[in-house]
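# Structural overview for review
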Amino acid sequence: MPANTHLPTASRLPAPCRDEAAVLQGLLAGLRRDGPFDWHAVIRMAEPWVAAVRAKPAPFWAMESLLREYPISSAEGLALMRLAEALLRVPDAATAIALTADQLGRADFSQGAVEGSQHTLLAGISASALGLAKRMLRTGGEKPGLIDRLGAQTVVAATVRAIGLLGRQFVLGQTIASALGEAHAQRRAAPQLRFSFDMLGEGARTDADALRYHGAYVAALQAIAASTRGANPAERDGLSIKLSALHPRYEEHQLDRVHAELLPRVTTLIDLAAAADINLTIDAEESDRLELSLTVFEALADHVAATAPGWSGFGLAIQSYQTRARAMIDAVAAIGRARGLRFMVRLVKGAYWDGEIKRAQELGLDGYPVFTHKHHTDISYLACAQALIGHAEVILPQFATHNAGTIAAILQMAASRPGVRFEMQRLHGMGEAVYREVLAAHPALPLRIYAPVGEHRDLLAYLVRRLLENGANSSFVHQLADPSVAPDDLLRSPLQPAQVPGQPAPVALYGPGRANSRGLDLAVPEQRTPLLAALATSTVPAVAEATVDACDAAMARLQAGFETWSARPLAERAAAIARAGDRLQDALPHFCALLVKEAGKTWGDAVAEVREAVDFCRYYVQQALEKLQPVDLPGPTGERNTLRLHGRGVFVCISPWNFPLAIFAGQVVAALVTGNSVAAKPAEQTPGVATAFVDLLHAAGVPADALALLHGPGETVGARLVAHPAVAGVCFTGSTQVAKAIQRSLAAGDGPIVPLIAETGGLNAMVVDSSALPEQVVDAVVQSAFRSAGQRCSALRLLCLHSGIADTVATMLQGALAGLRVGDAADLATDVGPVIDAEAHAGLSRHVQRLEREARLLGRAPMAAAFAASHIAPVAFEVGAVEDLKQEVFGPVLHVLRWDGDVGDLVARINRLGYGLTLGVQTRIDSRAQQIADQARVGNVYVNRNMVGAVVGVQPFGGDGLSGTGPKAGGPHYLYRFCAEQTLTVNTAAAGGNAALLAGTPAQA
Ligand SMILES: Cc1cc2nc3c(=O)[nH]c(=O)nc-3n(C[C@H](O)[C@H](O)[C@H](O)COP(=O)(O)OP(=O)(O)OC[C@H]3O[C@@H](n4cnc5c(N)ncnc54)[C@H](O)[C@@H]3O)c2cc1C
C-alpha cells in the first residue's frame, strides 16, 4: 500500500488556477464594501513624494539609480547582472577572466550610462577591460602573453571590487554583529526604524546545508535578542527565515519529513524568539508551497499556543500576486482566533512572478496561480491590506512595498480605521528616497527594514532577484527612476481590471493551431485525487503474445488495409488522430495509473509521459495538415508540376519500455497520419499500456486493418515483422545493437530498399565549468541522472566538473543523494522507482559492483532492504577519464569526472565516444556555451538546466552517430521520413497548345 495516506486529500485554500477575472471581481467587491476607494486622495498624497524623489534622487548605488543607469533591458544592465550573479564565486583566474571578458565584451559602459551621468566607475573599468578583453580574445590561436594575462587579472580584480561595492549596498552587514551595529547607527537618526534580518544563502540542497542555516538563524536570534530594545515584538528588531533553507525537501509530497525533521528545527527558533519576545517571520516562497506553509504555520501555532501564548511576534509573509492571498489571510486569522494568538503578517506583492508563470506553462496547468497583470497584483494587495486591517485584533499588519501609490493607499485605508496599528516595510537598499518623503510627512509611522546579512558571495542570488524584479518595466521602482514616465501614469489607479488575461493560458502556449496538453499540479490535493482513484480501479490489460504465423497474417492484412487507409483524405486521417489525442487527454489518470503499475513510473513522470503522447498526436496532426499538402512547383509554361506526399505502405514500429506510451504513440501516430498502415510492436515488458492506446486509436476511427499490435519478443516477433516482404519502413527506438541488427536484416532483404528511422541511446555528458552555480548544477544533475531511475535515453551518464568547483559540487551531490527517496512508484513521495526488470537489475548491479572496485564512491541514496531486489539505489562514482565509459548503462548510475584546461579538448573527447544524443552545459560564460554547442556532435544541447524531458515541438528529440539516424521525433522534419514522394507533371498545352500564354497571361498552367 503506497504511503500517500500522509498527504491531505483536500485543500484548505481555493484552487490556485481559478479564472482571474472572477477572482478579481471578488476582490473588488470586497474593496467596495467599505465605500468607494478614493484614488484621487491617494494621488494627492503620493504626488509630492514622487516629485521630491525625482528632484533629489537616491544615491548612485541605490537600486533605483542603478536601474536608471543600466536598465536590465540594456546590454550593460544584463552584463552587470550576469557578472554580479557569478563573478565573485568563480574560484580560478582563467574562468574569472573569461567571464569578465565575455560579459564586458558585450557591453559598453561608457556609452550606456545616462547622459550627463557622473558615474564613471564602471565606465572606467570597462573601457580598459574591453581593450584587454579584445586582446585576450584575439583570434588565430595566438596565446595571450604574460602582460596581457596580468592586465586581464587587474581588470578582473577591479570588476570584482566594483561588484563587491555594488553588493555592499544591499547587505546591512557581513555578520549579524556588524548588521546590528549598522542598524543601531541608522536608528540614531530615525528612531522609528526596526529591522528584520535575513541570513543570506540559497535554499538548502542537503541536510548539512540546512543545519548550517539553522545554526546561523540560532546565532542571529541570540544576537538580536541581546541587543534589541523596545516594549514588544512590534518595536523590536526581528528575524526573517526561509523554510526552504531549513530543510532540503520542503515539499508537499515530503510532508512526513517536513513534520518529523523541519518542524523541530523551526520550533527551536520559535522558542528562542518567543523567549526574547522578538518577531520571527516566515518568508513567502513559491506558490506550490502555499498550502504546505499553512499546514506548517498551523502546527507551529499549536506549539506557540502551548508554550508561549502571550507572544505576539510570530508571523509569516503573504504574497498578494497569488490568487489565493486573500483566502490565506482569512485562514491565518482563523488560526490565531482559534488559539487566542496574535500574529504579525507581512504583506508583500511577491518576488517569483516569472518563475510562477514558467512553471504553470511547463506543467500545462489550467491557468496561473498568480495574477497576470501587474495592476491586478496591486488590486489584490489593497484587498489583502483591507482584510488584514479587518483582522487587527489577531494580526499586526506589516505592509512591505516601495510603491508610492500603494503606500498612500494603505495610509488612506488605515486613516479610516483610527487606532489600528500597523507598520510599513522596505528592503535595505531600496525605496529609501520614497520613505524619506513618507516619513517626513508621517514622522510617527513605524518602518521596518528587511536587512540581508551575509558574505557578498551569498548575496548574489538575492541581488539578482531584486534586479530582475525591479528592473521589470512594470515595476514601480523602475518607473520612478525613469523621468519619461509621467507622475499621472506612475500613480494611475489600478482599480480597473483588465478585460483580457496578461498571459496566454498554458493550454494556448502554442498558438491557435495546436492546444498544449493539460497537466496536473500534484501539489494540489484535488488534482491528485483522480490519479489515486485511477490507481485503485485500473487494471493493466493482459496481452497475448503473437506467433510468427500471426505476424505474417497481420502483415498481409495491413498491406491490404494500407490501400484504403492511405486513400482516405488527409483531413479524415488527421481527425481520427486528433480525436485520439483528445480522448487520451481525457483519460490521463487512467493511463497514468497504467504507467505506474506496468512500467514502475513515478506519478510526476507518468503525467509528463501521457502529456507527451497527447502532444505527439496533436503536433503530428498539425504538421501533417501543414506539410503534406500538394505543392505546386515552378516550371516552364504549358505544364503543371506538383509534388505530392503519400504513405509508403506497412510501417513496423518498435518501441521501448522506458516510454511505453509516449514513444509508442509518437511512432504510431506519425506513421498513421502520413497514410501508412502500422504493425506496432511494444516492448516485451510493457504491452498493456500500448494495447490500451491502440484500443483508443481504434475507437477514435483508425481501422483495425490499418493498425495492429503484435506483442512478443524482439528475437521472434520483432525479427519476423522487420524481415517480412511487405515491410515498407521501420521506426525503431531502443538500443544501438538492436538498431544495427534491424539495419542488417533490412539490408539482407531482396525486395525494395526499406528506410529505417532509428533512435538509440547515448553516453550523455554534462560539462560544468567553474562559473556555474553549484546549487543549480546539483538540481539539474539529480533530475537528469536519477529521475525515472536513470532509464531515459537522454539521461546524464557522465558529469564533467571543473576542478575548481568539483569538491563543492560533489559534496552537495552526496547530500542531495542522501535526501532522495527510493521506493514504491505509486507513493507520491517517491523520487526513484524500480528498474524495469530482473535482467536490468542484474546488469546494473554488476556495473555498480565493478565501479565499487575500480572507482571512487561519491555518494549513494539510501534504500530500504525491501526494495533491494527491484530497485537500484542512485549512486555516483568518480572515474578517471572520459574513455572509462564504454557503453550506455541504463540506470541511476552517474559517472563523475574532474576536468581542467581547455574545454574544447574535453568536448572533443566526449565526441569521440561516438554517441551524440544529449549534452548539458553549465556555465555563465555565454560565448563558452555557444562554443561547446557548436563543437558538440549531439542532437540536443541544454544550457543551464536539466537535460531530460524534451517537449514535443519545442525540443525535437534525437541524435546522430551511434545515437540514431534522425530525423528528430517531435520535430518539423519527422513526418517526411514516413512518406514517399511523387511529382505529377501535366502538359497543359497538350491539347491544342498553350492557351494561357497566347492570351497574354504568363501562367504556369
Ligand atoms: C520587507 C520586505 C520583505 C519581503 N519579503 C518577501 C517574501 O517573503 N517573499 C516574497 O516573495 N517577496 C518578498 N518581498 C519582495 C517583494 O515581493 C517585492 O519587493 C515586491 O513585490 C515589490 O513590490 P512593490 O510594491 O515595491 O513594487 P511594485 O512595482 O508596485 O510591484 C511589483 C509586483 O508586481 C508583480 N508583477 C509584475 N508584473 C506583473 C504582472 N504582469 N502580473 C502580475 N503581477 C506582476 C511583481 O511580481 C511584484 O510582485 C519582500 C519585500 C519587502 C519590502
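Structure report, in brief. (Residues numbered from 1 in each chain as written. Predicted model: local features only at pLDDT ≥ 70, side-chain atom pairs only at ≥ 80, totals over all residues. Heavy atoms only, no water.)

### Side note on helix H1 (residues 20-33)
With 14 residues, H1 extends 20 Å from end C-alpha to end C-alpha; this agrees with the ideal 20 Å at 1.5 Å per step. Along H1, the positions that sit buried rather than exposed are Glu20, Val23, Leu24, Leu27, Leu28, Gly30 and Leu31. In a view along the axis of H1, the buried residues occupy a sector of 155°, so they form one face of it. Across H1 from its buried face, at more than 90 degrees, point the exposed residues Gln25, Arg32 and Arg33. Buried-residue contacts for H1 involve helix H14 (325-339), helix H16 (374-390) and helix H17 (404-415). The positive-phi residue at the C-terminal boundary of H1 is Gly35, with phi of around 95°. (Helix = DSSP H or I, 4+ residues; strand = E, 2+ residues; numbered from the N terminus. Expected span 1.5 Å × (residues − 1). Buried < 20%, exposed > 50% of the residue type's maximum accessible area, 1.4 Å probe, protein only. Arc of directions from axis to C-beta. Contact = heavy atoms within 4.5 Å.)

### A few points about the state of the cysteines
Tallied over the entire structure, the rule returns zero disulfides. Take Cys793: it sits in no disulfide, and the sulfur closest to it among the cysteines is that of Cys731, at 12 Å. Among the residues examined, Cys793 registers a relative accessible area of 10% and is labelled buried. (Disulfide = S-S within 2.5 Å.)

### As for the site of the ligand
Of all residues adjacent to the ligand, which total 30 residues, the nearest are Gly350, Thr377, Thr401, Asn403 and Phe476. For the ligand, an oxygen atom lies 2.9 Å from a polar atom in the side chain of Gln319. Taking 950 Å² as the accessible area of the ligand by itself, protein coverage stands at 94%. When contributions to the shell around the ligand are tallied by element, the ones reaching two or more residues are strand E4 (314-319), strand E5 (343-348), H16, strand E7 (423-427) and helix H19 (456-471). Looking at the shell around the ligand residue by residue, the class counts come to twelve nonpolar, eleven polar and seven charged. (Near = heavy atom within 4 Å. Polar contact = N/O pair within 3.5 Å; in protein donor to acceptor, adjacent residues only side chain to side chain. Areas by Shrake-Rupley, 256 points an atom, 1.4 Å probe, with all protein chains shown as cover. Nonpolar A, V, L, I, M, F, W, Y, C, P; charged D, E, K, R; others polar.)

### Regarding the pairing of strand E22 (residues 940-943)
Residues of E22 alternate between two faces, with Asn940 and Tyr942 buried on one and Val941 and Val943 left unburied on the opposite face. Direction of pairing for strand E21 (residues 918-922) relative to E22: parallel, over a ladder of four bridges. When the sheet's bridge partners are listed, Leu919 is paired in E22 with Val941. In this fold, the crossover linking E21 to E22 by way of helix H35 (residues 926-935) has right-handed handedness. (Pairing = 2+ DSSP bridges. Right-handed = clockwise from strand over helix to strand, strands pointing away.)

### Overview of the environment of Leu24
In this fold, Leu24 is placed in helix H1. Leu24 sits in the buried class, given a relative accessible area of 1%. Sequence-wise, Leu24 and Pro501 are 477 residues apart; in three dimensions their C-alpha atoms are separated by 12 Å.

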